[in-house]
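So you can see what is in the structure, the chains are spelled out below.
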Amino acid sequence: MTMLCVPITMRTPEQAFAEAAEAKSLGADIVEFRVDEFFSGDSASGESEAAAIVRTIAESPLPVILTCRIADEGGAYDGPEDARVSLFERVATGGSPPAYLDVELAAYTRSANFRQKVNLCVTHAKQVRDVPTRLILSSHDFQTRPPDLSRRMMAMYAEPACAVAKIAFRARSLRDNVELFELLRGAPKPTIALGMAEFGLMSRVLAPKFGGLLTFASLKRESATAPGQPTIREMLDLYRFRSIQASTKVYGVLGWPVGHSMSPLIHNAGFEAVGHDGVYLPMPVAPGENEDDARASFKATVEGVLRWPALDFAGASVTIPFKSCPRAGAEPFAMDADGLVTAAGAANTIAVAPDGWRLANTDVAGIVEPLREAFGELAGQMVVIWGGGGAARAAALGLTREGAGVRLTNRTASKAEAIAASIPGVRTISAQEARTSRARAHINTTPIGMTGGPAPDAMAIPVPELADADAGTVIFDTVYNPIETPTLKAARERGLRTIDGVRMFVTQAAAQFELWTGKPAPKQLFDRLMRETLAN
Ligand code: NAP
């Protein structure tokens, strides 16, 4: 079983003990006491600091990894090595030695004397406890993948005293996770292999799938000891760490940025609700400088990560700026499930089936289904779409397929005209014409009104000026943050019917979920989770 380890930066024995107790109550298996800020190595104070560390380890409610990390490898210890070894000796002979002692491979191999003393500590500790202290040899690179990665691993494995090998480096892309998983799969000894920063999250969450000895999760975001370390609550509640096993299928959201995506929240909760053996992760892909770069990056991710058989990749949401990439990136093994992807020129979904990959565009359903519910029948209804990007195209396509009449108005008229030219039944109109149209529904597909967008306080649709709107008119805003945009607020105040962006998000996500699991999506759960999260 892969252990969940909470790193604790010790400042005082009381604080370290309290945090270890909290880690236990939250569900951790083990704690790492990082004593490099607390232990100075001074001849004057070193003795009492060491005594306090020994006591804190003895009192810890969870097994302990003791680490006094040197500055070269991201730690705070810059005292003499002799003092550090003395600390290890005190701890090893102190009556209740730690479960693990972490020492950097670089320090261990630099000095024969240091190495011999560390080995003695581990042997001592073995004599005082039934369960011996195990030596973790570790290697860190906070900048990049170390060029001599294989050499470092071989050196750790070759050392007889080394019980556990630990490698952690800054992942440069999702592909680095595959190399870390390969290390775990071929490891001759228990191994910890973790990628740092946002590209490395996958290696942290999927450690149980590939047999990693442990993975780290912080008590709080600010107490993380490495970039990209999730919190213990995220690990246990969001990613359902305890349910991840060798057979677990992997899903994710491919995009840039994806750190704030709400998809992991709802899909993981959905997997839990229907008992699906899957986990859903943010999968950041760097887009580069232009569209060609984005396509190349997406293709490399497909080939180097998602097609790696051992990952058990089973599906993904695709978001900005890659929605137009899956066709190029996944050819020749991807099929357009229902022709919508080809017609829309965009896919927001990949689903892996036994006979190949399926691409789908569930944004279309995200717009059409709530409107169908509102009107019962869409054929013959007139709808104005505000905007001329990907969401506008998806809306125009879905609505014309339902037999609705579609009018499109966009800031850049040529973009609206291009959509109209490619979808029969769509016509472009000016914003002034849109105000006086007899449309039964208006849809905003621009980011106007979105928190953090180009005009968060503005109305995307001039609701007070819509000449023919009445109580039957529907105002649909695809923006979901905030839930009630300025456009929807104006519609509510005028007594019009409204559909918010959460409805769209939940509907498109539910369609994805059903493609992936073959089970009905728990839509009410999705809806509740999104509204609760957005309200906070
Ligand atoms: P997109 O392809 O970039 O298109 C954005 C459109 O908005 C373009 O037509 C653009 O006009 C217009 N626009 C942008 N800023 C504007 C401004 N300040 N004033 C007037 N028009 C402006 O984006 P998209 O993929 O279609 O997505 C658009 C929005 O839809 C997103 O912001 C998102 O909130 C929403 N959406 C929601 C969901 C959901 O599940 N709820 C799903 C997908 C999208 P120009 O053509 O003149 O540049």
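Owing to the predicted nature of the structure, the values given are computational and were not obtained by experimental measurement. (Residues numbered from 1 in each chain as written. Predicted model: local features only at pLDDT ≥ 70, side-chain atom pairs only at ≥ 80, totals over all residues. Heavy atoms only, no water.)

What follows deals with the overall build of the protein. Secondary structure summary: the protein contains 21 helices and 20 strands in total. Based on the C-alpha atoms only, the size of the protein along its principal axes is roughly 85 × 50 × 40 Å. Taking as baseline every contact in the protein between residues at least 6 positions apart, the subset at least 24 positions apart corresponds to 71%. Accessible surface for the protein amounts to roughly 21800 Å². Of this, 51% is attributable to carbon and sulfur atoms. Side-chain charges in the protein split into 55 positive and 60 negative, and the spacing between the mean points of these groups amounts to 3 Å. (Helix = DSSP H or I, 4+ residues; strand = E, 2+ residues; numbered from the N terminus. Contact = heavy atoms within 4.5 Å. Areas by Shrake-Rupley, 256 points an atom, 1.4 Å probe, with all protein chains shown as cover. Lys, Arg positive; Asp, Glu negative; His and termini not counted. Charge placed at Lys NZ, Arg CZ, Asp CG, Glu CD.)

Before going further, it helps to examine the environment of Arg-11. Within the secondary structure, Arg-11 sits in the loop between β1 (3–9) and α1 (13–26). Once the C-alpha coordinates of Arg-11 and Phe-38 are considered, the two residues, 27 residues apart in sequence, prove to be 5.4 Å apart. Discounting chain neighbours no more than four positions away, the residues touching Arg-11 are Glu-37 and Phe-38.

Before going further, it helps to spend a moment on the packing of aromatic side chains. Applying the stated rule across the entire model yields 13 aromatic pairs. Look at Phe-313 and Trp-357: their rings are 5.3 Å apart centre to centre, the planes differ by 55 degrees, and that puts the pair in the tilted class. With Phe-313 in strand β11 (residues 313–318) and Trp-357 in strand β14 (residues 356–360), this residue pair connects regions lying 44 residues apart in the sequence. Comparing Phe-313 with Trp-357, the two get one shared label, buried. Put simply, the rings of Tyr-251, Phe-271, Tyr-280, Phe-513, Trp-516 and Phe-526 touch in pairs and so form one group of aromatic residues. The side chain of Arg-497 reaches across the aromatic face of Phe-375, ending 5.2 Å from its centre. (Phe/Tyr/Trp six-rings, centres within 6.5 Å; stacked < 30°, edge-to-face > 60°. Buried < 20%, exposed > 50% of the residue type's maximum accessible area, 1.4 Å probe, protein only. Lys NZ or Arg CZ within 6 Å of the ring centre and 35° of its normal.)

Around the ligand, 22 residues are found, and the nearest of them are Gly-388, Ala-391, Asn-410, Thr-412 and Thr-478. Between an oxygen atom of the ligand and a side-chain N or O atom of Arg-411, the distance comes to 2.9 Å. Listed by contribution, the elements that provide at least two residues to the shell around the ligand are α16 (390–401) and α20 (501–517). Classifying every residue of the shell around the ligand gives 9 nonpolar, 10 polar and 3 charged. (Near = heavy atom within 4 Å. Polar contact = N/O pair within 3.5 Å; in protein donor to acceptor, adjacent residues only side chain to side chain. Nonpolar A, V, L, I, M, F, W, Y, C, P; charged D, E, K, R; others polar.)

In this section: the nonpolar core. Phe-33, Ile-53, Leu-206 and Leu-311 are the most contacted members of the largest nonpolar core, which has 95 residues in total. If you tally residues by element for this core, the top one is helix α3 (residues 81–92), at 6 residues. With residues near it in sequence (within four places) discarded, Leu-206 still touches Phe-181, Ile-244, Val-250, Val-279, Leu-281 and Leu-311. Counting 30 residues, the second largest nonpolar core, distinct from the first, contains Val-383, Ala-395, Ala-420 and Met-504. (Core = buried A, V, L, I, M, F, W, Y, C linked by side-chain atoms within 4.5 Å.)

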